[in-house]
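# Topology and contacts: notes
If you want the building blocks of each chain, they are given just below.
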Amino acid sequence: MAEVIGVRFKENGKSYYFDPKGKEYKIGDLVIVDTARGIELGEVANGNQTVSDDDVVQPLREVVRRATDDDLKHRDELKDKEKSAFTICEEKIAAHELDMKLVEVEYSFDGTKIIFYFTADGRVDFRELVKDLAAVFHTRIELRQIGVRDEAKMLGGLGICGRPFCCNRFLNDFLPVSIKMAKEQGLSLNPVKISGTCGRLMCCLNYEQNVYEKLNKTTPKVGAFVSTPDGEGVVISASVLGQKVKVRLESRDSLETYSCEEIQVIKGKKKTDEKKPEDKGEKVEN
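Residues numbered from 1 in each chain as written. Predicted model: local features only at pLDDT ≥ 70, side-chain atom pairs only at ≥ 80, totals over all residues. Heavy atoms only, no water.

### Some words on the packing of aromatic side chains
A ring pair, where both rings are aromatic, is described by two values, the distance of the centres and the angle of the planes. Here is the rule: Working definition: rings of Phe, Tyr and Trp (its six-membered ring) pair if their centres are within 6.5 Å, and the pair is stacked with planes under 30 degrees apart, edge-to-face with planes over 60 apart, and tilted otherwise. Summary of the burial criterion: residues with accessible area below 20% of their type's maximum are buried, those above 50% are exposed, and those between are partly exposed, where the area comes from a 1.4 Å probe applied to protein chains only.
Counting across every chain of the model gives four aromatic pairs. Ring geometry for F9 and Y16: centres 6.2 Å apart, planes at 35°, overall tilted. With 5.8 Å between their ring centres and 75° between their planes, F118 and F126 make a pair best called edge-to-face. Look at F118 and you get buried, because its relative accessible area is 1%. Grouped by ring-pair contacts, the aromatic residues F9, Y16 and F18 constitute a single cluster.

Printed below as a string of structure tokens:
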């Protein structure tokens, strides 16, 4: 077992374990830590805790100290430098006529490296750009290509729901999403309606997926023959979350709504007619 604290370097970013060296830290504390990239300033996301050695990536690096006022002043100075570096890099990109979009600039805390994050449709030959930037800043230069989801997480914005992007606000990692989730949740497969501002499937498709997977097992499919308290019929529409179905009864040729607990699927029975409900497209309200 090892005593660790969780430290993150970006707001809502992923947290990493560090050795507190016997000192107590609480959530929100600013600390200077030794990372693979050198000395960095981070925020404590998880206070002192004990975890299994298997959960720790070795070597476990240490917390150097609590951040001082001078450290915070230095951080603010780096923020100003990042803005200036962003403008200079954009000018260099335009001069080299490179098909790439600069997203963010990040200085390492010790000032020994600058990382330029960009997006592009394909591979970009930026060797000459790196030489120009190194000549201007006289430090190590790294250009890192990122995807459109990473861009949305960095820049933030409002989703189609009117709320801030989930990835920018509270998601530490991107959730796996697929078109199958939209189908199982009965959503429109129109890409405009199920895609986020980044152009990829919305992360929130994952939020209720487990519930839909469970309820779909107990909800008869549209077209299934079922036995109801009023006789047999065929399912015309279904509300998965409401656990209700609308059934066309064979005996009355009428539409009735039942809860999924009231009916039972009749397996193996073939549909004998192709009648459509007069209110085609009507769905059961949750």
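Having seen it, we continue.
### Focus: the nonpolar core
Here is the rule: To define a nonpolar core, start from buried Ala, Val, Leu, Ile, Met, Phe, Trp, Tyr and Cys residues and group those joined through side-chain atoms within 4.5 Å. Counting from the N terminus, the helices are the DSSP runs of H or I reaching at least four residues and the strands are the DSSP runs of E reaching at least two. Whether two residues are in contact is decided by their heavy atoms, any of which lying within 4.5 Å being enough.
Counting residues in hydrophobic clusters, the biggest one holds 21 residues, and the most contacted among them are M100, F116, L133, F137 and L143. For this core, the secondary structure elements donating two or more residues are helix 1 (69–96), strand 6 (101–107), strand 7 (113–119), helix 2 (127–137) and strand 8 (140–145). Here this core takes four residues from helix 1, the largest share from any one element. In contact with M100, other than residues within four places in its own chain, are I93, F118, T119, A120, V124, L129 and L143.

### Focus: the sheet that holds strand 9 (residues 225–228)
Stated formally: Only strands joined by at least two bridges in the DSSP assignment are considered to pair.
Taken in spatial order, the five strands make up an open sheet running 12-11-10-9-13, and their pairing is antiparallel. For this open sheet the edge positions go to strand 12 (255–259) and strand 13 (264–265), each flanked by a neighbour on one side alone. Inspection of the sheet shows strand 11 (residues 244–249) paired to strand 12 by five bridges, in the antiparallel sense. Looking at the pairing, K244 lines up with S259 of strand 12.

### Points about the confidence of the model for the protein chain
Applied cut-off: Values of pLDDT, ranging from 0 to 100, describe the predictor's confidence in every residue of the model.
With 94% of its residues at a pLDDT of 70 or more, the protein chain shows a mean pLDDT of 89. Note that pLDDT drops below 50 for residues 272–286; the model gives that stretch 25 contacts with residues more than four away or on any other chain.

### Some thoughts on the pattern of salt bridges
Charged atoms that come close allow side chains of opposite charge to pair. Note the cut-off: Take a side-chain nitrogen of Lys or Arg and a carboxyl oxygen of Asp or Glu: if they are within 4 Å of each other, that pair is a salt bridge.
Inspection of every chain in the model, using the stated rule, returns 18 salt bridges. In this structure, the salt-bridge partner of E106 is K10, at a minimum N-O distance of 2.9 Å. Placement of the pair is E106 in strand 6 and K10 in the loop between strand 1 (2–8) and strand 2 (15–18), with a sequence separation of 96 residues. Residue E106 is classed as buried on the basis of its relative accessible area of 12%. D76 is the partner of R75 in a salt bridge, and the nearest nitrogen-oxygen pair spans 3.7 Å. For R75, a relative accessible area of 30% corresponds to the partly exposed category.

### Things to note about the state of the cysteines
As a reminder of what qualifies: The criterion for a disulfide is a pair of cysteine sulfur atoms lying within 2.5 Å.
Inspection of every chain in the model, using the stated rule, returns zero disulfides. Of all cysteine sulfurs, the one in C166 lies closest to C204, which takes part in no disulfide; the gap is 6.0 Å.

### So, the sheet that holds strand 7
Applied cut-off: What counts as an axis is a line fitted to C-alpha atoms, over the stretch in contact for a helix, and the angles between N-to-C directions run from 0 to 180 degrees.
The strand order across the open sheet built from three strands is 6-7-8, with neighbouring strands paired in mixed fashion. Among the strands making up the open sheet, the edge pair consists of strand 6 and strand 8. The sheet shows a mean angle of 20° between the axes of neighbouring strands, taken without regard to direction. With six bridges connecting them, strand 6 and strand 7 associate as antiparallel partners. Looking across to strand 7, one finds that K101 is bridged to T119.

### Observations concerning the pairing of strand 7
Counted only if it meets this: We call a crossover right-handed when, viewed with the strands running away from us, the connection from the first strand over the helix to the second turns clockwise.
The element strand 7 is largely enclosed, with a buried count of seven among its seven residues. Residue alternation in strand 7 divides its side chains into two sets, K113, I115, Y117 and T119 and I114, F116 and F118, and both sets are buried. Between the antiparallel neighbours strand 6 and strand 7 lie five residues, among them G111 with a positive phi of about 75°. Bridge analysis of strand 7 against strand 8 gives six bridges, and the strand direction is parallel. Residue pairing across strands places F118 opposite Q145, the latter belonging to strand 8. Between the parallel pair strand 7 and strand 8, the chain is carried across by helix 2, and the sense of this crossover is right-handed.

### Quick notes on the environment of T50
For T50, the location among the structural elements is in strand 4 (residues 38–51). It is 43 Å that separates the C-alpha atoms of T50 and V130, two residues lying 80 residues apart in sequence. Apart from the residues lying within four places of it in its own chain, the contact partners of T50 are M1, A2 and E3.

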